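What follows is the residue order along each chain.
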Amino acid sequence: MGHGHGHGSHGVVEVGQRARASLIGLLAVFGVLAVAGLIWLWPTGSEVSAALNKIADAPGVTYEQARIESVADGCESSVETPTGAAACLTATVTVTTGEDEGRQAAVELSGANVHNGLRAGDVIEIARVPTGDGVHYAFSGINRLPVLITLAALFTVATLLVARWRGLFALVGLVIAGWVLLGFMLPAIIVGKPGMAVALSGSTVIMFIVLYVAHGVSMRTSAALAGTLLGLAVTTTLGMLAVGAARLSGFADENEYDLAQLAPGINFQELLMVGIIIGGLGVLNDVTITQASAVWELRAAAPGWTRLQVFTAGMRIGRDHIASTIYTIVFAYAGTALTVLLLLFFTTRSPIDLFGLELFAGEGVRTFASAIGLILSVPITTGIAALTVGPGREAVEAPKHGAGAEPGAVGAPSGEAPQQHE
């Protein structure tokens, strides 16, 4: 048995040659299958163009920017509510782009737009609609780009200040992962490619990119990646069985029906599974990299421990992580579905009966499948990492200086011990 080793903050972490070969071989199989899936399933430009039945505006309609000068209660086309509150507002605007630049017009704000808090000075988008009796203007949207750009800039700065180079690599990985999602996965689903194959190949490639770019190419990261992919396999299997057993159609609200009209080639049961797979990626990544790092630090701090002792200590850390992450999953769903949950209080039926509706049952399957995959990824990753770091040093003869040492990473970032968590 040969051993690679490197020096870190707590000492030597040895990696068995057999364990390294097995782990690299497993990841190579996953990687080859994922790349083959991308090549096989990647849609051509003509396929995407043929599948996109875009909704066209009426002839002559253009979208312009306008600045609000004033907002008043009431509209010519609307009446007030019984409570006296305005059911519609009229905004006087100045058009700032297009052929009508500088012209003032009245734009009605109705429905949800009454509650946007629009006031003088705000910039909105309006639709310019030419008709037989002149040009009419309708509210189209709000210019929210400055707020979004500011938040994105703050997010980037905070990431770089706190995480430094790791944060930069994480952002790079995120950009590449977004390109895979938007450039491959979504177009492939739209043209009717097999949803499960698309999700698994795309997600596997995303995990390879995100983990290795953000955390470096090392045996520690490889152990986390293997745990992530096996956890993803568990999530996929459970989700697939649950979707079939619960007889879920994938049509939870009107958005699915609208999408079905635009993209008839989509299998919505598979689309539900794709959502389960993609939704579990981020949490799995978080848990597995933490567990792999914990095992590496435990082995460095206690080189005499057996693999079982390292695994047991790593699981104690993992149980705390599981508890906090489960809260994260549940409360994240509760936050996004708050309006729907509030509606439960206004029905005469029992909430237990309503949870059988597809709207709730689909989210239940998504949440539980992801949570189970997350929970099982902890012992899977901890076990892989404990086997990878090698036996306790008392159980084997320490290699002589310069003999039997092999690098534990290929292309690891400069300055990082190949087989150790920094």
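Residues numbered from 1 in each chain as written. Predicted model: local features only at pLDDT ≥ 70, side-chain atom pairs only at ≥ 80, totals over all residues. Heavy atoms only, no water.

**A closer look at the packing of aromatic side chains**
Short version of the rule: Pairs were defined over the aromatic rings of Phe, Tyr and Trp, the Trp ring being its six-membered one, requiring ring centres within 6.5 Å. Orientation was assigned from the angle between planes: stacked under 30 degrees, edge-to-face over 60, tilted for the rest. Helix and strand assignments follow DSSP, with helices taken as H or I runs no shorter than four residues and strands as E runs no shorter than two, numbered in order from the N terminus. Partly exposed residues are those whose accessible area sits between 20% and 50% of the maximum for their type, while under 20% is buried and over 50% is exposed, using a 1.4 Å probe and protein chains only.
Under the definition given, this model contains six aromatic pairs. On the numbers, 5.7 Å between centres and 45 degrees between planes, the contact of W42 with W179 is tilted. With W42 in the loop between helix 1 (17-41) and helix 2 (45-51) and W179 in helix 3 (residues 145-190), this residue pair connects regions lying 137 residues apart in the sequence. Here W179 falls in the exposed class, since its relative accessible area comes to 54%.

**A closer look at the state of the cysteines**
Formally, a disulfide is one covalent bond, and it connects the sulfur atom of one cysteine to the sulfur atom of another. Counted only if it meets this: For the purposes of this analysis, a disulfide is any pair of cysteine sulfur atoms at a distance within 2.5 Å.
Within this structure, the stated rule accounts for one disulfide. Covalently, C75 is tied to C88 through a disulfide, its sulfur atoms 1.9 Å apart. Between C75 and C88 the disulfide shows an S-S torsion of about -80 degrees. By sign, it is left-handed. In this pair, C75 sits in the loop between strand 3 (62-73) and strand 4 (88-95) while C88 sits in strand 4, placing the two residues 13 residues apart along the sequence. Taking the relative accessible area as the measure of exposure, C88 reaches 2% and is therefore buried.

**Some points on the pattern of salt bridges**
Here is the rule: Salt bridge criterion: a side-chain nitrogen from Lys or Arg within 4 Å of a carboxyl oxygen from Asp or Glu.
For the structure shown, the criterion picks out five salt bridges. Linking R128 and E99 is a salt bridge whose minimum nitrogen-to-oxygen distance equals 3.5 Å. Highlighted residues: R128 in strand 6 (residues 123-131) and E99 in the loop between strand 4 and strand 5 (104-110), separated in sequence by 29 residues. The partner of R366 in a salt bridge is E363, with the nearest N and O atoms 3.2 Å apart.

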